[in-house]
Amino acid sequence: MNYKVEKLKVNYKTLEEFKKFKEYGLQELSMLEDLEANIIENDSESPFYGIYFGDKLVARMSLYQIEARFDRYFEPAQDYLELWKLEVLPDYQNKGYGQSLVEFAKGFGLPIKTNPRVKSKAFWEKMGFEPVHYDMERDLGENPLAWFPAGVKEQTH
Ligand code: COA
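About the criteria used
- Residues numbered from 1 in each chain as written.
- Predicted model: local features only at pLDDT ≥ 70, side-chain atom pairs only at ≥ 80, totals over all residues.
- Heavy atoms only, no water.
- Salt bridge = Lys/Arg side-chain N within 4 Å of Asp/Glu carboxyl O.
- Helix = DSSP H or I, 4+ residues; strand = E, 2+ residues; numbered from the N terminus.
- Buried < 20%, exposed > 50% of the residue type's maximum accessible area, 1.4 Å probe, protein only.
- Pairing = 2+ DSSP bridges.
- Contact = heavy atoms within 4.5 Å.
- Axes fitted to C-alpha atoms, helices over the stretch in contact; angles between N-to-C directions.
- UniProt positions renumbered as here; feature names shortened; annotations may be inferred.
- Patch = residues over 30% accessible without salt bridge, like charges linked within 9 Å, V, L, I, M, F, W, Y side chains within 5 Å.
- Areas by Shrake-Rupley, 256 points an atom, 1.4 Å probe, with all protein chains shown as cover.
- Core = buried A, V, L, I, M, F, W, Y, C linked by side-chain atoms within 4.5 Å.
- Right-handed = clockwise from strand over helix to strand, strands pointing away.

Draft legend 1. Spotlight on the pattern of salt bridges. Scanning all chains against the criterion turns up 13 salt bridges. A salt bridge links K7 to E45; the nearest nitrogen and oxygen atoms lie 3.8 Å apart. In this pair, K7 sits in strand β1 (residues 6–10) while E45 sits in strand β2 (residues 44–53), placing the two residues 38 residues apart along the sequence. Classification of E45 by relative accessible area gives exposed; the value is 54%. Of the charged contacts in the structure, one is a salt bridge between E45 and K9, with a shortest N-O distance of 3.3 Å. In this pair, E45 sits in strand β2 while K9 sits in strand β1, placing the two residues 36 residues apart along the sequence.

Right under this line is the structure:
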């Protein structure tokens, strides 16, 4: 099953939908403040993608492209995607929403790095993600996983 993935705009409706997700935090609050203070316009671009069931947002992720010159993970350094805040609302889990979002991210053809929550490790393994070689200083408190498009050298430092 492949669900339609949409790029989410920053507006009051989207931010209201975000409140249903467990990983609602500083990033969302600052988007709301910026919107209220007119620092950002209604319907401006956000790093979030989501899937709707009817008009209800049931799954989302944030996807951000990191330029090679800031890369601290791959050897040789390359552009990659940082995926975070992947979350499916409880009633909609295990129906393919999470996988649809991950596959959408893979479609950009860049390596993807993520920091999974402890409980979702098995899901990421199923999606073909592998542990990044651990660097104590860099990864303190994190357990980064990565996925590589076919043909990209699978090497991390
Ligand atoms: N552990 C192991 N496998 C998992 C899994 C998990 N926690 N969640 C999903 N899978 C498997 C599914 O069984 C499915 O396998 P299949 O293709 O063989 O049927 C595959 O991964 C794709 O699953 P999907 O339906 O796309 O998963 P999802 O839409 O529920 O998204 C999460 C996965 C983890 C992003 C989502 O469940 C979520 O946000 N969970 C919230 C919190 C959390 O991490 N929960 C973990 C369980 S407590």
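Draft legend 2. Region of interest: the sheet that holds strand β6 (residues 130–131). Reading across the sheet, the seven strands line up as β1-β2-β3-β4-β5-β7-β6 and stay open at both edges, with mixed pairing between neighbours. Since the sheet does not close on itself, it has two edges, and those belong to β1 and β6, each with one partner. Here strand β3 (residues 56–66) runs beside strand β4 (residues 80–88); their pairing, made up of seven bridges, is antiparallel. Bridge pairing in β4 links Q65 to L81. Each of β1, β2, β3 and β4 touches helix α2 (residues 26–36); the most contacted strand, β2, lies at about 115° to it. Sheet strands touched by helix α3 (residues 97–106): β2, β3, β4, β5 (112–114) and β7 (145–147). Its angle to β3, the strand with the most contacts, is close to 25°.

Draft legend 3. Seen up close, the UniProt feature "domain: N-acetyltransferase" (unreviewed entry) in the chain. Under the present numbering, the feature "domain: N-acetyltransferase" (unreviewed entry) in UniProt falls on residues 8–150. In this annotation, residues 8–150 is assigned 27% helix and 29% strand; the end-to-end C-alpha distance for the span is 28 Å.

Draft legend 4. Structural detail: a nonpolar patch on the surface. A cluster of nonpolar side chains, contributed by Y134, M136 and L140, occupies part of the molecular surface with about 360 Å² of accessible area. Take M136: it is sitting in helix α5 (residues 136–139). Relative accessible area serves as the criterion here: at 59%, M136 is assigned to the exposed category.

Draft legend 5. Just α3, in detail. Extensive coverage of α3 is indicated by the burial of seven of its ten residues. For α3, the complete set of buried residues consists of Y97, G98, S100, L101, V102, A105 and K106. Along its buried surface, α3 packs onto β2, β3, β4, β5, α4 (121–126) and β7.

Draft legend 6. Spotlight on the nonpolar core. Judged by nonpolar contacts, the single largest core of 35 residues is most densely connected at M61, L83, Y97 and F129. Apart from residues lying up to four places away in sequence, F129 is in contact with V102, K106, I112, T114, W124, L145, A146 and W147. With seven residues, the next largest nonpolar core counts I66, Y73, F74 and F148 among its residues.

Draft legend 7. Quick peek at the pairing of β4. Burial within β4 is extensive, with eight of its nine residues counted as buried. With three bridges connecting them, β4 and β5 associate as parallel partners. Among the inter-strand pairings, E82 is bridged to a residue of β5, identified as K113. In this region the chain leaves β4, passes through α3 and returns to the parallel neighbour β5; the handedness of that crossover is right-handed.

Draft legend 8. View of unusual backbone geometry. Here E75 and P76 are connected by a cis peptide whose omega angle stands at 0°. Secondary-structure assignment places P76 in the loop between β3 and β4. Of note in the backbone geometry, K85 takes a positive phi value of approximately 55° without being a glycine. With respect to the helices, strands and loops of the structure, K85 is situated in strand β4. Take K85: its relative accessible area is 12%, and that puts it in the buried class. Residue N94 is not a glycine yet carries a positive backbone phi of 65°. Mapping N94 onto the fold places it in the loop between β4 and α3. Looking at N94, the relative accessible area reads 83%, which means it is exposed.

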